[in-house]
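An overview of the molecular structure
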Amino acid sequence: MSQDSVPVSVDPHETLYVPLRRRFIKEYLTSPEGVRELHIYYGTREISIEEQDLHSFGEQLCLEDSFMAGNATKWTTGEPYPWERVRELLEALLEEGVVTREAPTLAFESESHRKYLAMEARRVAPTEPLWWNPDAPEVMRRLTGRPLELGFLEAVLPVYRIAHPALDTEGRHIGESNTFPEQMRMKMDTEFKACHFAGSRYRNNAPMNVTALKSMMRHWKPMMHAVRAVRQAFLRPDTVLPDGRWRMGDLHAAACAVLAVPSYMLMRANDPVPNGQLDPVLSNIYRVTDGVRMVAAYMLFLPEEPLTYDSPISSAELLYVTDRDNHYLSNRGVCAGPPNLVDEYFQTLMDGRPVANEEPMSFAWEKDIVPGVDYGQLGLQLYSLQFNLWSYMCRAYEQVRAVAESVTPTEGDFWSGLRARLKKDFEMMRPTRLHTATQRDWAEARYIEMFDRAQRGMSTFKEESLVHLKDIFTPVHDAVFEATRKRLRMVVRAKVGDAFGTQADAIADAVAEYLTLERSALLALENVQRETNALLRRPHPERRFTNKDLSLHHRMRAGTVGVLPYLLDVFRDEFGVDIDNSPEGTKLTPVGAPLAAEDAVCPFTGRTASVA
C-alpha cells in the first residue's frame, strides 16, 4: 500500500467478494532467517504472510468466494483475531483488488483484448503466404530491405523460430498469434474465450485461443506418440538424472529438438514439406513445446536468481513453476491447454509416460526425427554464438557510454547527442538485463554450457571435433586488429577533436575490441551454418557471412520486447562511418561517400590499401 493512498474503510457487516479466487496458488517457503512464510500468488501479484498466526487467515482466504467481513476474525485455529487487525488486512486486500465489494460478473469484458482486436483490424498483413524455403532472399528483402541467401538463414534467425510462419494442412500458422516475424503473419479467423482453468490464467484479461485448443484436442494422442518418439531420439546417456529429474539446460535443448523436427522437414532442400502441407500433429506439438522452451529459457537467463544448466527439475516441478510464475500468460492470450493435458504432456516429454491404452504409433516422417534433432542442436550452437556475441557487444556499449558520460557536454554539442543516443540504447537493453555486468557474466557462462552440450547432442559427435566457445570469444590482437584500431582512432578524433584525444582513443579501442570478437563469431557462425546446410543438403553461399547479414536479426525484432540496439549503428549515425565486418577483415567507409583508396582498410588483410 502506498504512503499516499487513503484506506478504504470496511464495515464488519458488509459482504466482500474474492472474484478471482481460482487464480490463487499458495506455497510455504522458509526465509533466510529460518521463518516459515505463506506465499499466495495471484496472477502477477504475490501476498507474503510472515506472521505465523495469520497463516490460517491466508489459507481460508484461498477457499472463499464471498464472506461477511466480520466473519474473517474467525479464520484462525485459536482465539478470534481482533477486528481492528482484520479490518486493516481487508482494507489492504481491497486496495490491491484481491477482494472487492462488487459481486463478480460472468461476462468476459477485457479492455486489453478489445485493444488487441482493434490493432489486429488495423494491422497491415500479407494476403498471401510468405515462406522461407526457397524464397528467403525476397522475403528478407521485403522484411528488412536487404536480401539474404537461404543458406545463411539459420545464422540470423534462431532455428526455434524458423517454422513460425509456415502453414499446416488446417491453414493455420504454426506459430499462431505468436508468429515471428510479425510481418509474415496473415489475418485469420480465431475464436477467443475467457480462460476458466484454475490458476494464474483464470479469467485473465487476455483470453485463450479456442481455435488452437480445438485443433490440439483432435490430435492429442498422436501428438503424445510423436513427442515420445522425438524424446527417444534426443535422450543422451546422462539426460535423465538418477532421481528421474532433468537438467534445466537439457530440458531447453529437448524442447528445441522437438521444434526442430517439423522445421527440418520444411527447410531441407530435397523433397521439403510444401508450405501448407505440414501434418497438424507436428504443428500442434510445436505450439505446445514452444511454451516449454520459453519457460526453460526464462529460468536459465531472466529471473532474479536464474538456474544453471545443471539445475535439476522434474515434470511436477515444471508444472508448478509454470503456473506460479505466470508463464501461461502473454499480452496476446493465455495458454489454452487444460491443466490435466499440460501435466500429461510434461510427463510424456520428461518421464516418457506411455500413451494410455495404446501401442506405440508409427509415422511416415520417422526417418526425419534424427536429422531433425541434429538440426535443433546445430540451431542451439548458432543461437549460443549469436546471443553470446550480443552480450559482448553490450559490454562494449557500456565502455563507450562510460567515456561519453565522463565528458561534460555543452547543450547541442556532439557529446550531448552521443550521450542521448547511448541512453536511449541502454533503455532498449533493460528488458534483457544485458546492461548489467552481472547478467552478462551469467549469460555468457550459460552459453558456454549450451554450446558444449549442443555439440555433444549431435548424432555424429566426435570428441576431437569439440569447439570451445571461450576460445571463439578470446580476442586476438593481430594485424587486422591493430589496423582497425588505428583507423577508428583517426575517425573518432576527427569527430571530437584532439582536445578529447584520450576519450576518442578509448572509444575507438572498445569498438576495435568488439569488432575482433565479432569477426571470430562470424567465422564460427559461418562454420556451423555450413554444417547446417550440409545436413539440409542445400548449397552453402559462395560469399562470406558478414555483420550486415547478422544485424538483420535486430531489424526483424524491431518493436518487440528484448530487441537490442546494434553498436555499429551508433558509429554510422553519430560518427558518420559505415563499418563492414567479416571473417576476412574490417572496412570503414564514410557515410555517403567511399573512402579514398589510400585510406581504405583492406577487408582481407586489415591493412590500409597503401600498404596492403
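A brief look at the structure comes next.

What counts and what doesn't
Residues numbered from 1 in each chain as written. Predicted model: local features only at pLDDT ≥ 70, side-chain atom pairs only at ≥ 80, totals over all residues. Heavy atoms only, no water. Helix = DSSP H or I, 4+ residues; strand = E, 2+ residues; numbered from the N terminus. Rg over C-alpha atoms; globule rule 2.2 N^0.38 Å. Buried < 20%, exposed > 50% of the residue type's maximum accessible area, 1.4 Å probe, protein only. Areas by Shrake-Rupley, 256 points an atom, 1.4 Å probe, with all protein chains shown as cover. Lys, Arg positive; Asp, Glu negative; His and termini not counted. Charge placed at Lys NZ, Arg CZ, Asp CG, Glu CD. 1 Å grid on protein atoms, 1.4 Å probe; cavity = no way out; pocket = protein on both sides within 12 Å on 5 of 7 lines; lining within 4 Å. Points joined across faces, edges and corners; volume = space filled by probe spheres on them. Nonpolar A, V, L, I, M, F, W, Y, C, P; charged D, E, K, R; others polar. Pairing = 2+ DSSP bridges. Axes fitted to C-alpha atoms, helices over the stretch in contact; angles between N-to-C directions. Contact = heavy atoms within 4.5 Å. Expected span 1.5 Å × (residues − 1). Polar contact = N/O pair within 3.5 Å; in protein donor to acceptor, adjacent residues only side chain to side chain. Parallel < 35°, antiparallel > 145°, perpendicular 65-115°, else oblique. Left-handed = near helix turned anticlockwise from the far one by under 90°. Salt bridge = Lys/Arg side-chain N within 4 Å of Asp/Glu carboxyl O.

**Side note on the overall build of the protein chain**
When helices and strands are tallied, the protein chain shows 21 helices and 11 strands. Against the compact-globule benchmark of 25 Å for 612 residues, the protein chain has a radius of gyration of 28 Å, which places it among compact chains. Projecting the C-alpha coordinates of the protein chain onto the three principal axes gives extents of approximately 90 × 65 × 50 Å. Going through the 612 residues of the protein chain one by one, you find that 54% of them count as buried. Per element, the accessible surface of the protein chain, about 27,400 Å² overall, is 52% carbon and sulfur. Here the protein chain contributes 71 positive and 86 negative side-chain charges, whose respective centroids are spaced 4 Å apart.

**Here's the deal with the layout of surface pockets**
Think of a ball as big as a water molecule: rolled over the atoms, this probe shows where empty space is left. Looking at the second largest pocket, its volume works out to about 670 Å³. In terms of lining residues, the second largest pocket is bounded by 23 residues, among which Pro303, Glu305, Val321, Arg324 and Asp325 are the most central. Looking at the lining of the second largest pocket, the elements with two or more residues in it are strand 2 (24-30), strand 3 (36-42), strand 4 (45-49), helix 10 (280-301), strand 9 (312-313) and helix 11 (315-324). The greatest single-element share of the lining of the second largest pocket, amounting to three residues, is contributed by helix 11. In terms of residue class, the lining of the second largest pocket is made up of nine nonpolar, six polar and eight charged.

**Considering empty space enclosed by the protein**
For the coordinates displayed, the defined rule picks out two cavities of 30 Å³ or more. Quantified by volume, the largest cavity comes out at close to 50 Å³. Put simply, the parts of the chain that give the lining of the largest cavity at least two residues each are helix 6 (159-162) and helix 13 (369-406). With four residues, the top contributor of residues to the lining of the largest cavity is helix 13.

**Thoughts on the sheet that holds strand 3**
With antiparallel pairing, three strands are arranged side by side in an open sheet as 2-3-4. Edge strands, defined here as strands with exactly one partner in the open sheet, are strand 2 and strand 4. Mean inter-strand twist for the sheet, computed between neighbouring axes without regard to direction, equals 25 degrees. With respect to the sheet, helix 11 is in contact with strand 2 and strand 3, its orientation differing from that of strand 2 by roughly 110 degrees.

**A few points about the pairing of strand 11 (residues 585-590)**
Taken together, the six bridges between strand 10 (residues 577-582) and strand 11 define a ladder with antiparallel strand orientation. Its bridge partner being in strand 11, Asn581 is matched across the sheet by Thr586. Here strand 10 folds back onto strand 11, and the loop between the two strands holds two residues.

**Some words on the environment of Tyr566**
Along the chain, Tyr566 turns up in the loop between helix 20 (552-556) and helix 21 (567-575). Distance in space between the C-alpha atoms of Tyr566 and Arg538 is 30 Å, their sequence separation being 28 residues. If sequence neighbours within four positions are ignored, Tyr566 has contacts with Trp390, Met393, Tyr397, Tyr514, Glu518, Asn547, Ser551 and His554.

**Digging into helix 17 (residues 479-496)**
One turn of the α-helix equals 3.6 residues, which is why residues spaced by three or four share an orientation. The end-to-end C-alpha distance of helix 17, which contains 18 residues, comes to 26 Å, matching closely the 26 Å that a straight helix rising 1.5 Å per residue would cover. Of the residues making up helix 17, those classed as buried are Val480, Phe481, Ala483, Thr484, Arg487, Leu488, Val491, Val492 and Val496. Considering only its buried residues, helix 17 is in contact with helix 14 (414-429), helix 18 (501-536), helix 21, strand 10 and strand 11. Measuring from the side-chain oxygen of the N-cap residue of helix 17 to the backbone nitrogen of Val480 gives 3.3 Å; that N-cap residue is Asp478. Residue Gly497 follows helix 17 closely and has a positive phi angle near 90 degrees.

**Description of the environment of Pro303**
With respect to the helices and strands, Pro303 occurs in the loop between helix 10 and strand 9. Spatially, the C-alpha atoms of Pro303 and Asp325 are 10.0 Å apart, while their sequence positions differ by 22 residues.

**Some points on the side chain of His173**
On the secondary structure map, His173 appears in the loop between helix 6 and strand 6 (192-193). A distance of 2.9 Å separates the side chain of His173 from the backbone nitrogen of Met186, its partner in a polar contact. Those residues in contact with His173 that lie beyond four places of it in its chain are His164, Pro165, Ala166, Leu167, Thr179, Met184, Arg185, Met186, Met188 and Arg287.

**A few points about the packing of helix 9 (residues 248-267) against helix 10**
Taken N-terminus to C-terminus, the directions of helix 9 and helix 10 make an angle of 150 degrees; their axes are 8 Å apart at the nearest point. Relative to helix 10, the element helix 9 lies roughly antiparallel. With respect to the hand of their crossing, helix 9 and helix 10 are arranged in left-handed fashion. From helix 9, Met248, Gly249, Leu251, His252, Ala255, Cys256, Val258, Leu259, Pro262, Ser263 and Met265 reach across to helix 10, where they touch Leu282, Ile285, Tyr286, Thr289, Asp290, Val292, Arg293, Ala296, Ala297, Met299 and Leu300.

**So, the pattern of salt bridges**
Within the structure shown, the criterion is met by 56 salt bridges. A salt bridge links Arg141 to Glu138; its shortest N-O distance comes to 2.4 Å. With Arg141 and Glu138 both in helix 4 (residues 136-144), this residue pair falls three residues apart, about one helical turn. Residue Glu138 is classed as partly exposed on the basis of its relative accessible area, which comes to 43%. When the shortest N-O distance is used, the salt bridge between Asp573 and Arg572 registers 2.8 Å. Judged by its relative accessible area of 41%, Asp573 falls in the partly exposed class. Judged by relative accessible area, Arg572 falls into the partly exposed class, the value being 33%. Counted as one network, the salt bridges with shared partners bring together Arg236, Asp238, Arg247, Asp250, Asp310 and Arg453.

**Quick notes on the packing of helix 17 against helix 18**
Following both chains from N to C, one finds helix 17 and helix 18 inclined at 140 degrees, their axes separated by 8 Å at the closest point. Crossing geometry of helix 17 relative to helix 18 is assigned as right-handed. On helix 18, the residues that touch Val480, Phe481, Thr484, Arg485, Leu488, Arg489, Val492, Arg493 and Val496 of helix 17 are Gly501, Ala504, Asp505, Ile507, Ala508, Asp509, Val511, Ala512, Glu513, Leu515, Thr516 and Arg519. Of the residues assigned to the contact of helix 17 with helix 18, the class counts are 11 nonpolar, three polar and seven charged.

**Some points on unusual backbone geometry**
Pro134 follows Asn133 through a cis peptide bond whose omega is 10 degrees. Among the structural elements, Pro134 can be located in the loop between helix 3 (111-122) and helix 4. Cis geometry is found at the peptide bond from Phe180 to Pro181, where omega equals 0 degrees. Non-glycine residue Asp271 carries a positive phi angle of around 50 degrees. Checked against the element boundaries, Asp271 lands in the loop between helix 9 and helix 10.

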